[in-house]
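Residues per chain are reported as follows:
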Amino acid sequence: MSYFQQIKAGWLKVFIRIIHGVITMAHIPLLLVIYAIHPFIKLRFGYFSTGRIGHFALDLGYAIALNKNKNKNEINLYYLQDEVSNKQLEVIANRELNVSQYYKYFVYAYKMLGLNDHIILPHRHKSGSRDMTGIMINSDYNISLLPSENKEAELYMKKYGWTQGEKFICLNVRDSAFFNESQTSRHTNRNSNIEDFEVVVNYLLGLGYWIVRMGKKVERPINIKDSKLIDYGIDQNRSDLLDIWFCKNCEFFVSTGTGVDSVAQMFKKKIVFVNFLPISHIISWTENITVPKKLFWDKSGKELSLTEHLDNTYGNTYQYEEKGIKVVDLSPDEIESAVKEMVARLSGIPLTNQQIQNQKKFWDVMESHDSYRKYHGVRDPHVLFGNSFIESHPNFLS
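Values in this document were obtained by computation on a predicted structure and should not be read as measured data.

Some thoughts on the side chain of Ser262
Tracing the backbone shows Ser262 in helix α10 (residues 261-266). Not counting chain neighbours up to four residues away, the residues in contact with Ser262 comprise Gly54, Ala57 and Leu58.

In structure tokens, the structure reads:
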């Protein structure tokens, strides 16, 4: 862009802001009308932060559950604030809720008057999109797709030889392509190696499941050739609709904890989280089994206990390095063990008495830590920490 084009674009932005400001001021008198009818009809305006699929999906699910349980005289109206990360989620938002870009002027008017507490903020801004109230657990909302949407997705699957009714598992492994990262990125502690998942993929294929490897951006293909494995993450025909359809219709989801698995949470699907960090952020409001990456003290080589994990909750690689902590991925066998727990669960195999005691001890430690109330509220009783991890790391709960 040339210098003069930059100047022109800058002035255009200023002009647009002025126009928005004038329109916003024209809506201020309407707030008096809204206030006057408030005893009879409660009109509330809010918005969704739509730039990241994870936050968009979870906030949307939360709002749908909230809308289903609201009083009859309440009307919630939303607009979409950012560039939309997934167009099918936008379709669902328009289908399930009252959504229009026009409503942004009421939000702007409230902000102009300093009445921010009258705005329905995205759940992301309240709790990082975490359902701490339990509304998603306790609501029986059902987000449906249209027959035409289902047909389009099923036709995609049938190209690979899939037959309607055959069960499939979604696999999402975050790698350096997620943020187009270098090996020195501060986010590398959240990445995993797709090769470490080959054992579990072969295990699930052996059980007769189809596997759909998810991901909008992936570093490299998976090194397995099987008629029931769809490496969707490298498919140029992937679409926003398929992203959502896979999450809604999978038997369960295997993920390292990022992005699209939040759509599966929105649909209340069972999830196996592996290589999950930090443990304090464990997803506690929807049914899952979680196993973390392993942490070791650099100097002693000793593995961190659960309490030490919670005491060292960090958001990036550099913070772990500064504290002298080495982050180690789960082995392929450890990943397989976690997934086998989910398969056993779906088969109706109950936990042993020892496993029940281990789960109680895990949650006792979690709940006694200062960080618990910051990240957790109402907990789904079916959320489990990986028993296989506890059994193979006997000092973890000590």
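A short note on unusual backbone geometry
In terms of backbone geometry, most residues other than glycine have negative phi values and most peptide bonds are trans. Residue Leu277 is joined to Pro278 through a cis peptide bond whose omega torsion reads -15°. One can find Pro278 in the loop between β9 (271-276) and β10 (288-292). A positive phi angle is found at Ser129, which is not glycine, with a value near 65°. Position of Ser129 among the secondary structure elements: in the loop between α5 (123-127) and α6 (135-138). Look at Asn275: it is not a glycine, yet its phi comes out positive at around 55°.

Points about the pairing of β10
The buried count for β10 comes to five of five residues, which makes it a mostly enclosed element. Here β10 shows no split at all, with Asn288, Thr290 and Pro292 on one side and Ile289 and Val291 on the other all buried. Bridging between β10 and strand β13 (residues 384-385) involves two bridges; their strand directions are parallel. What sits directly across from Ile289, in β13, is Leu384.

Details of helix α13 (residues 332-346)
Structural remark: α-helix, 3.6 residues per turn; residues separated by three or four positions point the same way. With 15 residues, α13 extends 22 Å from end C-alpha to end C-alpha; this agrees with the ideal 21 Å at 1.5 Å per step. Glu334, Ile335, Glu336, Ala338, Val339, Glu341, Met342 and Val343 are the residues of α13 that are buried. In this structure, the buried side of α13 is in contact with α8 (198-206), β8 (252-255), β9, β10, β11 (294-297) and α16 (387-392). Positive backbone phi, approximately 85°, marks Gly348, located one or two places after α13.

Rules used throughout
- Within each chain, residues carry numbers counting from 1 in the order of the written sequence.
- Per-residue local features are limited, in this predicted model, to residues with pLDDT of at least 70; the limit for side-chain atom pairs, both in listing and counting, is 80 or more; totals at the level of whole chains, interfaces and linings are taken over all residues.
- Note: side-chain values were computed over all heavy atoms of the structure, leaving out hydrogens and water.
- Going along the chain from the N terminus, every DSSP run of H or I of four or more residues is numbered as a helix, and every run of E of two or more is numbered as a strand.
- The contact definition used throughout considers only heavy atoms, calling two residues in contact when any of these lie within 4.5 Å.
- We call a residue buried when its accessible area falls under 20% of the maximum for its residue type, exposed when it is over 50%, and partly exposed in between, using a 1.4 Å probe and counting protein chains only.
- We treat two strands as partners when DSSP finds at least two bridges between them.
- The span one expects for a helix is its residue count, reduced by one, times 1.5 Å.

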